[in-house]
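Residue-level structure breakdown
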Amino acid sequence: LLTLCLAVGLLPAPALAASSEVALKLGSPWCAIDTQVTQVDESNAQVTPYAVQVNGGGYTLLPIRRVLEAFGGSVEWVPATNGVLCTLNGHQVELAPGSAQATVDGVAVTMDVPAETKNDRTFVPVRFVSENLGLSVAYESTDQIVVVSAAPVDQNNLTNLSSVKALTEKLASLLDVQPGDTITL
């Protein structure tokens, strides 16, 4: 048994794990990857997630690169369609702006809302893309915060997640809010 323990101790340590959650606020250029706060698009502060209403449903659109890269995924531009190819966990989702048709793992799928181009970026429906790549998505309506997670998230516990706390602290600091002040984000 001691030999086995010593042998296991000599094995290389696993690589650092990808992020476990990303929090984004509608209308804000800031996001939190776990507890690290950064911009949704480091090269353009005008890029912010936004919501659209279609057929009675609300859909959040955002440039997905920052989110997918946080989980070890990738986003590639597809010149033929001016669209994007999103890859994560062995799955692929391809979307083109203005089209409600997407390709998920080689199969054509109709989305409720198409991707859009804004500020020279492709904004995609975050729930559609994330869930088709094996991630979970939750929405906190009071503060309009979207959480993308590698694991299922308790919808009733979103404000206690480390990423949400880090993001709300950053947003509060931008407003110069003092301890004890009450704010609604």
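Now for a look at the structure at hand. (Residues numbered from 1 in each chain as written. Predicted model: local features only at pLDDT ≥ 70, side-chain atom pairs only at ≥ 80, totals over all residues. Heavy atoms only, no water.)

**With respect to the overall build of the protein chain**
Helix and strand content of the protein chain: four helices and 14 strands. Each of the 185 residues in the protein chain was classed as buried or not, and the buried ones make up 42%. Summing over all exposed atoms, the protein chain offers an accessible surface of approximately 10,100 Å²; the carbon and sulfur share of this is 53%. (Helix = DSSP H or I, 4+ residues; strand = E, 2+ residues; numbered from the N terminus. Buried < 20%, exposed > 50% of the residue type's maximum accessible area, 1.4 Å probe, protein only. Areas by Shrake-Rupley, 256 points an atom, 1.4 Å probe, with all protein chains shown as cover.)

**Overview of the nonpolar core**
By size, the foremost hydrophobic cluster in this structure holds 36 residues, and its most contacted members are I64, C86, L95 and V129. If sequence neighbours within four positions are ignored, I64 has contacts with V75, C86, V124, V126, V129 and S130. Core analysis: the next-biggest nonpolar cluster, separate from the first, contains twelve residues, W30, A138, L158 and A166 among them. (Core = buried A, V, L, I, M, F, W, Y, C linked by side-chain atoms within 4.5 Å. Contact = heavy atoms within 4.5 Å.)

**Concerning the pairing of strand 4 (residues 50-54)**
Pairing analysis gives five bridges linking strand 4 to strand 5 (residues 57-62), with the strands arranged antiparallel. For V54, the partnering residue across the bridge sits in strand 5 and is G57. Counted between consecutive antiparallel strands, the loop separating strand 4 from strand 5 contains two residues, among which N55 sits at a positive phi close to 50°. (Pairing = 2+ DSSP bridges.)

**Side note on the sheet that holds strand 14 (residues 145-149)**
Taken in spatial order, the five strands make up an open sheet running 3-2-1-14-13, and their pairing is antiparallel. With partners counted over all chains shown, the strands left at the sheet margins are strand 3 (36-39) and strand 13 (136-140), one partner each. Across the sheet, the mean angle from the axis of one strand to that of its neighbour is 20°, orientation sign disregarded. Across the sheet, helix 4 (residues 162-174) touches strand 1 (21-25), strand 2 (30-33), strand 3 and strand 14, and the angle it forms with strand 1 is around 35°. (Axes fitted to C-alpha atoms, helices over the stretch in contact; angles between N-to-C directions.)

**Quick word on the sheet that holds strand 12 (residues 121-125)**
Strand order across the open sheet formed by four strands is 4-5-12-11, with antiparallel pairing between neighbours. With one partner strand each, in any of the chains shown, strand 4 and strand 11 (116-118) form the two edges of the open sheet. Each strand of the sheet is rotated relative to its neighbour by a mean of 35°, with strand direction disregarded.

This is a description of form; function is not addressed.
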